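A structural walkthrough
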Amino acid sequence: MTRTAVVGAGIVGLAAAHALRARGADVTLYESGPPGGGQSAGQSRIFRHSHEDPRLVALVARSRTLWRQWEQEFGLELISPDGAVAIGAGVEEKLRTLERFAEVPVCRLPPEELHARLPLLAGWTGPAMLDVHGGAIRTLDAVAALVHRLEGSTLREHVLSVRRTGTGSVELRTGTTCETYDHVVLCAGRGTAPLARGAGIDLPVETGAHVRLTFALAAGAPDPGGSAPGTGRGLPTFQDGSGDFGETGVYAAPYPDGRRFSVGLSADTPARPDGGLADPAALAALADRTVAYVRRALPGLDPRPVDHVHCWVTRLPWGDDGVGIWSEDGITALAGHNLFKQAPALGEALAETVLTGGIPGHLHHEEQLGRSAG
Ligand SMILES: Cc1cc2nc3c(=O)[nH]c(=O)nc-3n(C[C@H](O)[C@H](O)[C@H](O)COP(=O)(O)OP(=O)(O)OC[C@H]3O[C@@H](n4cnc5c(N)ncnc54)[C@H](O)[C@@H]3O)c2cc1C
């Protein structure tokens, strides 16, 4: 039985530990804080198939299948059934890419259909589309279900170092322990690159800070279940690449109660080399821009935020959705951004890397999965 340590109980580390256990590995999961408290924090993420790199669409489609398997296994709805809506000039390009995948149903939304599905939105008559099997990920339920499955295998310890011993094993040191494993998997979010560097693996990770705000429905907006009137449907997730409401990259997702919508800009503010925030005022400015956007574009929301998610985010230089795996002699590391939706497929790929020695699919970092065209 392969003795494996997974560092980090965010959604990716949890998925990797779960997949390794399901394949018979002996797994210990290390987490320094509350599981799901890093980049995976907060309610709701968008599940969307649309990505510039068709290889990433294929990975996400595989992940959608695995999310359904988790739903069955955990007895929970983990992705809302209300789809993912996108608007803006990029819609036709997105549709062209997605129409190559038979398992990814998509359609154009005429203005009246868009309004029926997303009555929170101000008038919009430009291109709009629906990713039918997209939706809002029930992040807190997913994390809780995985944490529960991995109880007894999880240690609340901060990992200080990993290194190869020279005798085929990998040493892992925490504040109070020193253990050796056959394989160590680094899924530590912001902590991955420093741990990997100590083991001689350099990851070109860029770190920034991000803010997302949550807004309640305005008085008189659609009913508490989030249903668009007369449709019996809940609210879809939303991406706005139009620029017509003053911002070009906006994402939004409903909470499970249908009464709140989280909204963020696809922008963050960089960290300094010492890890601190280069310009704390920039984070406040991003929050102000988000509020201004909501006032212009989403009159169905009360523009006073009801909560915030502030988070460090990690990106690879080849694109906003870039993701990659590095694996050398018993140490495997994963890095990337916008990973929540892919987590089940990434967990599966990490387990395969540990157990077979090969990085599957296009996830080897040299393939630059999720590369931006522009
Ligand atoms: C506001 C926001 C909105 C987002 N929206 C979307 C979206 O709509 N769709 C989508 O797919 N993705 C989205 N993302 C991105 C997605 O949430 C992240 O990519 C994903 O959660 C990353 O998970 P992770 O497990 O890799 O990292 P993390 O969740 O950061 O987990 C890493 C864990 O490792 C632990 N750790 C770190 N160092 C150590 C150490 N030395 N020892 C022990 N433990 C350690 C940390 O405490 C942390 O819990 C969003 C992210 C944010 C912040």
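Calculation criteria
Residues numbered from 1 in each chain as written. Predicted model: local features only at pLDDT ≥ 70, side-chain atom pairs only at ≥ 80, totals over all residues. Heavy atoms only, no water. Pairing = 2+ DSSP bridges. Helix = DSSP H or I, 4+ residues; strand = E, 2+ residues; numbered from the N terminus. Axes fitted to C-alpha atoms, helices over the stretch in contact; angles between N-to-C directions. Expected span 1.5 Å × (residues − 1). Buried < 20%, exposed > 50% of the residue type's maximum accessible area, 1.4 Å probe, protein only. Contact = heavy atoms within 4.5 Å. Near = heavy atom within 4 Å. Polar contact = N/O pair within 3.5 Å; in protein donor to acceptor, adjacent residues only side chain to side chain. Areas by Shrake-Rupley, 256 points an atom, 1.4 Å probe, with all protein chains shown as cover. Nonpolar A, V, L, I, M, F, W, Y, C, P; charged D, E, K, R; others polar. Domains from an automatic or database assignment. Salt bridge = Lys/Arg side-chain N within 4 Å of Asp/Glu carboxyl O.

Topic: the sheet that holds strand E9 (residues 159–164)
As summarised here, the arrangement of the three strands in space is E9-E10-E11, forming an open sheet in which the pairing is antiparallel. Taken across any chain shown, the strands that pair with only one partner, and hence form the sheet edges, are E9 and strand E11 (178–181). Looking at each pair of strands side by side, their axes are set apart by 20 degrees on average, direction ignored. The pairing of E9 with strand E10 (residues 170–174) spans five bridges and is antiparallel. By the bridge assignment for E10, Arg164 is matched with Val170.

Let's talk about helix H7 (residues 280–297)
Between its first and last C-alpha, H7 extends 26 Å over 18 residues, near the 26 Å set by a 1.5 Å rise per residue. When we look at burial in H7, the residues that qualify are Ala282, Leu283, Leu286, Ala287, Thr290, Val291, Tyr293, Val294 and Ala297. Each element contacted by the buried residues of H7 is listed here: strand E13 (206–216), strand E14 (237–240), strand E15 (250–254), strand E16 (260–265), strand E17 (269–270) and strand E18 (307–315).

A few points about unusual backbone geometry
One non-glycine residue, Ser44, lies in the positive phi region at around 75 degrees. For Ser44, the position within the fold is in the loop between strand E2 (26–30) and strand E3 (45–47).

Focus: the site of the ligand
By nearness alone, 30 residues border the ligand, and Glu31, Ser40, Arg45, Ile46 and Val159 come closest of all. A distance of 2.7 Å separates an oxygen atom of the ligand from a polar backbone atom of Ile46. Starting from 1,000 Å² of accessible surface for the ligand in isolation, the protein chains cover 92%. If you list the elements that add at least two residues to the shell around the ligand, you get helix H1 (11–22), E3 and E13. Split by residue class, the shell around the ligand holds 14 nonpolar, eleven polar and five charged. Each of two domains, domain 1 (1–79 + 138–204 + 318–374) and domain 2 (84–132 + 206–315), supplies a minimum of three residues to the shell around the ligand.

What about the pattern of salt bridges?
Taken as a whole and assessed by the stated rule, the structure comprises 21 salt bridges. The closest approach of N and O atoms between Arg55 and Asp53, which form a salt bridge, is 2.8 Å. On the accessibility criterion, Arg55 (21% relative accessible area) is partly exposed. The exposure class assigned to Asp53 is buried, which follows from its relative accessible area of 8%. The salt bridge partner of Arg117 is Glu113, with a shortest N-O separation of 2.8 Å. With Arg117 and Glu113 both in helix H4 (residues 111–117) and four residues apart, this pair spans about one turn of that helix.

Comments concerning the environment of Gly126
Relative to the helices and strands, Gly126 is located in the loop between H4 and strand E6 (128–131). Taking relative accessible area as the criterion, Gly126 reaches 25% and is therefore assigned partly exposed. Each C-alpha atom, one on Gly126 and one on Phe47, is 23 Å from the other, the two residues being 79 residues apart in sequence.

Brief notes about the sheet that holds strand E1 (residues 3–7)
A sheet is described by the order of its strands in space; here six strands give the open sequence E8-E2-E1-E12-E20-E19, paired in mixed fashion. The open sheet has two free edges, formed respectively by strand E8 (154–155) and strand E19 (323–328), since each of these has just one partner strand. The strands that helix H8 (residues 343–356) touches are E1, strand E12 (183–186), E19 and strand E20 (331–336); relative to E19, the one it contacts most, it runs at about 15 degrees.

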